[in-house]
Structure formats: structure tokens, C-alpha cells
Amino acid sequence: MSSFFDKIVDQGKDILQDPSKIGSYVEDPSKLLNVGLNFIGQDVLDNLIDKVLDACRSSMTDAGIDPLPIDDITIPYSLDKMTGACAPFLKSKNSALGELMLALCACVAKNMNIEGDLFLKNGSLTGLSQIARSVPTKLEVANNVVRLTVGLGVKNLESPFEASASIASPDFKPEVKAIVEKVGISFGVEVPLSGEQTSAGSFDFDPPLEDLPVDVDMKLDELGELEPIVKPLVINPVKKKIIEILKGQVKDLIDKK
């Protein structure tokens with residue numbers, strides 16, 4: 001209890017030492033509020049934001065944001081494959097036996113153009129509802145305005161796809177998964193002490209959504225040559241969908257809470 005009164009004395013010592021300064025508190029009430037903020041612990045502010053985020057997480061699940069369906073992707077491809085008697089020796093063509101057999105069977109070997117489609121279906125991005133505070137909550141008062149700043153973040157978003165191909169061997173078991181390592185959000189709101197309408201404040205993404213890094217973890221086995229082609233064709237629609245949701249429903253949910 002003594003520490004509580006010590007804080008009161010410490011925060012009000014400038015007035016006690018010079019009573020004429022009380023006029024500055026009347027002219028600028030934000031100074032008085034700043035004194036009061038010193039009695040609000042950091043854990044109180046953070047717990048308040050955590051409760052708001054709990055409500056946001058539930059709302060995201062109820063709204064179908066997590067998991068978030070990703071549209072199916074169809075990628076047509078055309079590959080040149082060596083067929084015929086020489087095909088088994090392609091892996092060892094630099095050996096003496098390989099060179100001999102390639103020379104002998106050149107007449108029966110030929111290139112075949114294989115055309116087909118790679119299908120990526122039932123993509124589902126998970127993790128958005130795990131949004132949480134990334135830095136301590138900041139509350140300050142200046143120039144008759146109360147400013148609340150909150151840092152949020154979500155990590156390890158993943159969107160696996162069910163992959164298949166129109167032309168492939170029975171052993172073809174491709175794996176394709178889009179990955180977003182981190183999305184950061186800086187959210188701020190300002191409340192004028194004059195009673196005017198609360199300003200919209202700020203809502204920024206880190207990194208900016210246009211630079212949001214999306215990666216793809218894939219294993220296409222016999223269609224491995226397609227990986228450099230497939231990667232951007234997966235990244236672009238996944239990134240577009242994430243940006244659409246973050247700027248729209250996620251932002252709206254946080255604003256409302």
C-alpha cells in the first residue's frame with residue numbers, strides 16, 4: 001500500500017513543489033491522464049488486447065477465414081522425354097557401356113512430346129486465426145489525444161494442395177504446399193479528449209502486402225522439370241487470396257473489435 005501512495009506523491013510532486021503548475025493540467029488534461037496511465041500496468045494493457053484477439057480468433061473461424069479455401073489450380077505442361085531402348089541408359093550415358101548402347105540403339109530411340117495437366121486441388125490455408133500480439137501494447141496521451149498502438153503477427157501459414165497429373169506413372173505421388181513464414185500488422189487508433197469522433201488511426205502490414213514473401217515446398221518426382229514453372233503459378237494465386245482476406249475480412253474484424 002505504501003508503494004501506491006509513493007507513486008501518487010512522485011507523480012504529483014511537481015504540483016506540490018509549485019502549485020502554480022496546476023493551471024497547465026487544466027489547460028491540457030492529457031497531462032493529467034498521463035499521470036493516471038502510470039498506474040496502469042503493462043500486463044493490464046496486454047491482457048485487454050489479448051481478450052480482444054481471442055474474440056477475433058473465434059470470429060475468423062466462424063467466418064470461414066481459417067482454414068481459408070484456395071481456388072483449384074490447373075497447370076498444362078509439355079515435356080520432351082526420351083523413349084525406346086536407350087531410355088534406361090540415360091542416367092549412365094557417360095559410362096563406356098552407356099555410350100556403346102546409346103550408339104547402337106540410336107536408330108530406335110526417339111524424343112516423345114508428353115502433354116498433360118498438373119492439378120492442384122483442395123488448397124486450404126491454415127493459421128490466420130493464430131494472430132497474436134507481437135510487441136507490448138503502447139498507450140500514450142499527447143496534445144489532448146489518446147493513442148493506442150498494437151503490434152500483431154501471425155506465423156507459419158501453410159496451404160497444402162492435393163496434387164495429381166493427367167499423365168503419370170502409378171507411383172507418382174507429388175507434394176505441393178504454399179508457405180508464408182510471417183505476416184505482421186501494426187494497428188493504431190486515436191481518441192480525441194475533446195469528445196470529437198475517434199479517428200481511423202492506422203492499419204499497416206509488415207512487410208507490405210505487395211512484398212509478402214510466399215514460398216512453395218514441392219516434390220514433383222518424375223515431373224521435377226516443371227518445378228521452376230509451377231512455383232510462380234502457385235505463389236501468385238495464394239498471395240492474391242491472402243492479400244484479399246487480410247485487407248478485407250481480417251482488417252474489418254480487428255477494426256470492429
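Data block above holds the structure.
To keep things clear, this report deals only with the structure shown in the data block. Counting of residues starts from 1 at the beginning of each chain's written sequence and follows it residue by residue. Where totals are concerned, whole chains, interfaces and linings use all residues; where local detail is concerned, this predicted model gives features only for residues with pLDDT of at least 70, and gives and counts side-chain atom pairs only at 80 or more. Neither water nor hydrogens contribute to the side-chain values; these are computed over all heavy atoms in the structure.

Secondary structure follows DSSP: runs of H or I at least 4 residues long count as helices, runs of E at least 2 residues long count as strands, and numbering of each begins at the N terminus. Mapping aspartate 66 onto the fold places it in the loop between helix 5 (42–62) and strand 1 (68–70). When accessible area is computed with a 1.4 Å probe and restricted to protein chains, residues below 20% of their type maximum are described as buried, those above 50% as exposed, and intermediate ones as partly exposed. Only four residue types enter the charge count: Lys and Arg as positive, Asp and Glu as negative, with His and the chain ends excluded. Salt bridge, as used here, is a side-chain nitrogen of Lys or Arg placed within 4 Å of a carboxyl oxygen of Asp or Glu. Arginine 57 provides the closest opposite charge to the buried, salt-bridge-free aspartate 66, at an N-O distance of 9.2 Å. Separated by 3.2 Å, the side chain of aspartate 66 and the backbone nitrogen of glycine 127 make a polar contact. Within the structure, the side chain of aspartate 66 is placed 3.3 Å from the backbone nitrogen of leucine 128, a separation counted as a polar contact. Residue contacts are counted whenever heavy atoms from the two residues lie within 4.5 Å of one another. In contact with aspartate 66, other than residues within four places in its own chain, are Met60, Thr61, Leu125, Thr126, Gly127, Leu128, Ser129 and Gln130. Polar contacts, as used here, are pairs of N or O atoms within 3.5 Å; protein pairs need one atom able to donate a hydrogen and one able to accept it. Residues neighboring in sequence count only if both atoms are side-chain atoms.

What follows concerns the side chain of serine 129. Of note, serine 129 is situated in the loop between strand 4 (123–125) and strand 5 (132–133). Exposure remark for serine 129: the relative accessible area of 7% places this residue in the buried category. There is a polar contact of 3.4 Å between the side chain of serine 129 and the side chain of glutamine 130. Apart from the residues lying within four places of it in its own chain, the contact partners of serine 129 are Arg57, Met60, Thr61 and Asp66.

To continue, consider the nonpolar core. Remark: nonpolar core denotes a set of buried residues (Ala, Val, Leu, Ile, Met, Phe, Trp, Tyr, Cys) joined through side-chain atoms within 4.5 Å. Counting 51 residues, the largest nonpolar core has Leu120, Leu128, Val176, Val234 and Ile254 as its most contacted members. Among the elements that make up this core, the one with the highest residue count is helix 7 (residues 227–256) (eleven residues). With residues near it in sequence (within four places) discarded, valine 176 still touches Leu120, Ser159, Pro160, Phe161, Ala163, Val216, Asp217, Met218, Leu220 and Val234.

Moving on, we get to the packing of helix 5 against helix 7. Simply put, an axis is a line fit to the C-alpha atoms, just over the touching stretch for a helix, and the angle between two N-to-C directions goes from 0 to 180 degrees. Put simply, helix 5 and helix 7 touch, their axes get as near as 10 Å, and they point 145 degrees apart. The interaxial crossing formed by helix 5 with helix 7 has right-handed handedness. Touching Cys56, Ser59 and Met60 of helix 5 are Val250, Leu253 and Ile254, all from helix 7. Here is the rule for handedness: rotate from the far helix to the near one, and if that takes an anticlockwise turn smaller than a right angle the crossing is left-handed, while a clockwise turn gives right-handed.

Moving on to the pairing of strand 7 (residues 145–165). Strands are treated as partners if at least two bridges between them are detected by DSSP. The sheet contact formed by strand 5 and strand 7 spans two bridges and is antiparallel. When the sheet's bridge partners are listed, arginine 133 is paired in strand 7 with leucine 152. Note: strand 6 (residues 138–142) against strand 7, five bridges, orientation antiparallel. What sits directly across from glutamate 140, in strand 7, is arginine 147. When strand 7 meets strand 8 (residues 175–192), the two strands line up antiparallel, connected through 16 bridges.

On their own, these measurements won't tell you what the molecule is for.
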